[in-house]
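Listed below, chain by chain, are the residues.
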Amino acid sequence: MGNKKLVVITGASSGFGVEMAKEFSESGYPLLLIARRLEKMEALNLPNTICRKIDVTDKKAFENAVREAEEKYGKTDLIINNAGVMLLGDIATQDGNEWKRMLDINVMGVMNGMQIVMDDMRKKESGTIINVSSIAGVQAFGNHGAYCASKFGVTGLTRVARAEMSPYNVRVLSIMPGAVATELLGHTTDKNIIDGYNQWKEDVGAVNITANDVAKTIKFAYELPQAVSLREIIITDTKQDA
Ligand code: NDP
C-alpha cells in the first residue's frame, strides 16, 4: 500500500468507474469501490480494494462503507462521485419516475458522497472531491431535459462546495465529459432516441475517446499538488461538434 491514501470511487462497476479503479490501483492506491453490481467490481480482482454493493442514494449504507474502508486504510483522501444514470426523453412525454431517478442518483448521490467526507477533510485541511458532471452540465442538448437538470445541478453544487471548502485547503473539482462509449446510453427507454444518438455518433465519428482517457485525466487532476485546483475539466472527442 505504501503511503498512498484511500480513494473512494462510486459507480465502479462499469464505464469510467472501472477504468478509474484500474488506473488508481495500478498506481498503488487502496480503494473503496461502490455500485449495485458487486460481482462486476469483485471480478476486477484488485489488491487493497474493498467492494461494496451500495446504492448511493442510501446515505447510511454509503457512509458505513466509507467508515469501514477508513478503519482499514485511513481517512479518505479522494472521493470520486461518478455514479450516474442517463435516461433521455422528451420533457413533454417522459415518465416523471425517470426524472426522479436521475435527480436522486445524479444529484442526491453526489451530495451524499460529499457530505460523508467533508467534515474530516476540513479537519485535516486536505483532501479532494471530484464530481463527474457532463458537458450536459454546462450546455443544453435535445431530449436531455432531466439529465441536464441533474448535471447542471452537479456543476452548480460543485462550485458552491469549492467556495465552501477552499478556506480548508480542500479541492472540489468537476469533470464534464462529452459522449464516450460506456453502458450509459443503454438505460434510456425510448428506442428512437437511442437510435438517433447512435446515428449522430456515427455521422460525426465522435466516439474515439475512451473511458480510459477520462479515467487518466481524473487521475492527473488528483495527482497535481494539493495547492493546484483544476477546477473544471471539459473533455470531449475532438470530433464532437457540440
Ligand atoms: P455507466 O452506465 O457505464 O456507469 C454508471 C455507473 O454508475 C455504474 O457503475 C453503475 O453501477 C453506477 N450506478 C448507477 N446508479 C447507481 C446507484 N444508484 N448507486 C450506485 N451506483 C450506481 O456510465 P458511465 O461510466 O458513462 O457514467 C459514469 C458517470 O459519467 C455518470 O455520472 C455519467 O452521467 C457521467 N458521464 C458519462 C458520459 C458518457 O458519455 N459516457 C458523458 C458525461 C458524463 P450499478 O448499475 O452496478 O449500480
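Structure first, text after, so check above.
Residues numbered from 1 in each chain as written. Predicted model: local features only at pLDDT ≥ 70, side-chain atom pairs only at ≥ 80, totals over all residues. Heavy atoms only, no water.

Asker: Go over the site of the ligand, please, and point to the residues and values.
Answerer: Around the ligand lies a shell of 29 residues, among which Ser13, Ser14, Arg36, Tyr147 and Thr182 are the nearest. Between the ligand and the protein, one listed contact pairs an oxygen atom with a side-chain N or O atom of Arg36 at 2.7 Å. Asp55 is positioned such that a nitrogen or oxygen atom in its side chain is 3.0 Å from a nitrogen atom of the ligand. Here the ligand, which alone exposes 870 Å², has 97% of that area covered by the protein. Elements represented by at least two residues in the shell around the ligand include exactly helix H1 (15-26) and helix H5 (145-165). A per-class count over the shell around the ligand returns 14 nonpolar, 10 polar and five charged. (Near = heavy atom within 4 Å. Polar contact = N/O pair within 3.5 Å; in protein donor to acceptor, adjacent residues only side chain to side chain. Areas by Shrake-Rupley, 256 points an atom, 1.4 Å probe, with all protein chains shown as cover. Helix = DSSP H or I, 4+ residues; strand = E, 2+ residues; numbered from the N terminus. Nonpolar A, V, L, I, M, F, W, Y, C, P; charged D, E, K, R; others polar.)

Asker: Can you break down empty space enclosed by the protein residue by residue, with the values?
Answerer: Tallied over the full model, the rule gives one cavity of 30 Å³ or more. Around the largest cavity, the lining residues are Thr10, Val56, Phe62, Asn81, Asn82, Ala83, Ile105, Gly109 and Val110. With three residues, helix H4 (residues 96-124) is the largest single contributor of residues to the lining of the largest cavity. By residue class, the composition of the lining of the largest cavity is five nonpolar, four polar and no charged. (1 Å grid on protein atoms, 1.4 Å probe; cavity = no way out; pocket = protein on both sides within 12 Å on 5 of 7 lines; lining within 4 Å. Points joined across faces, edges and corners; volume = space filled by probe spheres on them.)

Asker: Go over the sheet that holds strand E7 (residues 232-235) with me, naming the residues and quoting the values.
Answerer: An order of E3-E2-E1-E4-E5-E6-E7 is seen for the seven strands of this open sheet, with the pairing classed as parallel. The sheet terminates laterally at strand E3 (49-53) and E7, the two strands that pair on one side only. Between one strand and the next, the sheet's axes are offset by a mean angle of 15°, whatever the strand orientation. In this structure, strand E6 (residues 171-177) lies alongside E7, joined through four bridges in parallel fashion. Counterpart to Pro177 in the pairing with E7 is Ile235. Against the sheet, H1 contacts strand E1 (6-10), strand E2 (31-35), strand E4 (76-81), strand E5 (128-132) and E6, and its axis sits at roughly 165° relative to E1. H5 contacts E5, E6 and E7 of the sheet and is inclined by roughly 160° relative to E6. (Pairing = 2+ DSSP bridges. Axes fitted to C-alpha atoms, helices over the stretch in contact; angles between N-to-C directions. Contact = heavy atoms within 4.5 Å.)

Asker: Can you tell me about the nonpolar core, naming the residues and giving the values?
Answerer: One recurring pattern in soluble globular proteins: nonpolar side chains tend to sit buried together. Counting 43 residues, the largest nonpolar core has Leu32, Ile34, Phe62, Met114, Val117 and Ile129 as the members making the most contacts within it. Contributions of two or more residues to this core are made by E1, E2, helix H3 (59-73), H4, H5 and helix H6 (191-204). The leading source of residues in this core is H4, at nine residues. Setting aside anything within four residues of it in sequence, one finds Ile34 in contact with Val8, Ile9, Thr10, Gly11, Ala12, Met41, Arg52, Ile54, Val56, Phe62 and Ala65. Residues Ile9, Ala211, Ile218 and Ile233 belong to the second largest nonpolar core, which totals 30 residues. (Core = buried A, V, L, I, M, F, W, Y, C linked by side-chain atoms within 4.5 Å. Buried < 20%, exposed > 50% of the residue type's maximum accessible area, 1.4 Å probe, protein only.)

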